[in-house]
Amino acid sequence: MNKGIAVYPGSFDPPTNGHLDLIERGSKMFEQLVVAILRNSEKTPMFSLAERLEMLRQLTADWSNVRIDTFDGLMVEYAKSIDAMCVLRGIRAISDYEYELQMALMNRRLRPDIETVLMIANEAYSFISSRLVKEVYGLGGNISGLVPPSVEARMHDRMLKK
């Protein structure tokens, strides 16, 4: 396998243990894994782009071949700009597969030279999404084990400021 550069795109708001599992596993597959945070002005995130950058840099510090970056616009254009050969995406359920298949086919149409690798989520994290973590936490539910302790602490601090 050519172990070039891969991009793992997402909003990572907040970063979850599922994200970290994919990052760890992806870091073993590729020479360099670029975790690329989408700058989406249409969404109101819980954490600012700078906060998500800081959290992900801290959480991935032990993986020397993982780099954290941001992008906007078409992900495949960003991937091309950093010479990535591959896009890494996670699959938790059949519904994810349908969405990811559409995205992979559109990305292939736009940039046939960039492949998509779909990685099956670890069963321990197969139900976790950032949206669900925020919803459960906002309603007072326990999210320990779903996000790293440092992320949970930041979420707690954020809720206290509201």
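Conventions used here
- Residues numbered from 1 in each chain as written.
- Predicted model: local features only at pLDDT ≥ 70, side-chain atom pairs only at ≥ 80, totals over all residues.
- Heavy atoms only, no water.
- Core = buried A, V, L, I, M, F, W, Y, C linked by side-chain atoms within 4.5 Å.
- Buried < 20%, exposed > 50% of the residue type's maximum accessible area, 1.4 Å probe, protein only.
- Helix = DSSP H or I, 4+ residues; strand = E, 2+ residues; numbered from the N terminus.
- Contact = heavy atoms within 4.5 Å.
- Patch = residues over 30% accessible without salt bridge, like charges linked within 9 Å, V, L, I, M, F, W, Y side chains within 5 Å.
- Areas by Shrake-Rupley, 256 points an atom, 1.4 Å probe, with all protein chains shown as cover.
- Salt bridge = Lys/Arg side-chain N within 4 Å of Asp/Glu carboxyl O.
- Pairing = 2+ DSSP bridges.
- Right-handed = clockwise from strand over helix to strand, strands pointing away.

> What exactly am I supposed to notice about the nonpolar core here?
As a rule of thumb, nonpolar side chains are buried together in soluble globular proteins. Counting residues in each nonpolar core, the largest one holds 29 residues, and the members touching the most others are Tyr8, Ile23, Val35 and Met155. For this core, the elements supplying multiple residues, two or more each, are strand 1 (5-10), helix 1 (17-29), strand 2 (32-38), helix 2 (49-59), strand 3 (66-71), strand 4 (86-91), helix 5 (130-138) and helix 6 (149-161). Of the residues forming this core, the biggest block, four residues, is contributed by helix 2. Discounting residues that sit within four places of it in the chain, Ile23 has contacts with Tyr8, Leu33, Val35, Leu56, Thr60, Trp63 and Val66.

> Honestly, a nonpolar patch on the surface in this entry has me stumped. Any pointers?
Taken together, the side chains of Tyr97, Leu101, Leu105 and Leu118 define a hydrophobic patch exposed on the protein surface, amounting to about 320 Å² of accessible area. Structurally, Leu105 can be placed in helix 4 (residues 94-110). Residue Leu105 is classed as partly exposed on the basis of its relative accessible area, which comes to 44%.

> Before we go on, may I ask you to explain the pairing of strand 2 in this structure?
Looking along a regular strand, one sees the side chains alternate between the two faces of the sheet. In terms of burial, strand 2 is a largely internal element, five of the seven residues being buried. Sheet analysis places strand 1 next to strand 2, joined by six bridges and oriented parallel. Each bridged residue has a counterpart across the sheet, and for Val7 the counterpart in strand 2 is Val34. Handedness of the crossover is the feature at issue here: the chain leaves strand 1, passes through helix 1, returns alongside strand 2, and the resulting connection is right-handed. In this sheet, strand 3 lies alongside strand 2 in parallel orientation, the contact comprising six bridges. From the neighbouring strand, Leu33 faces strand 3, where its bridge partner is Val66.

Function cannot be read off these values alone, since they describe shape.
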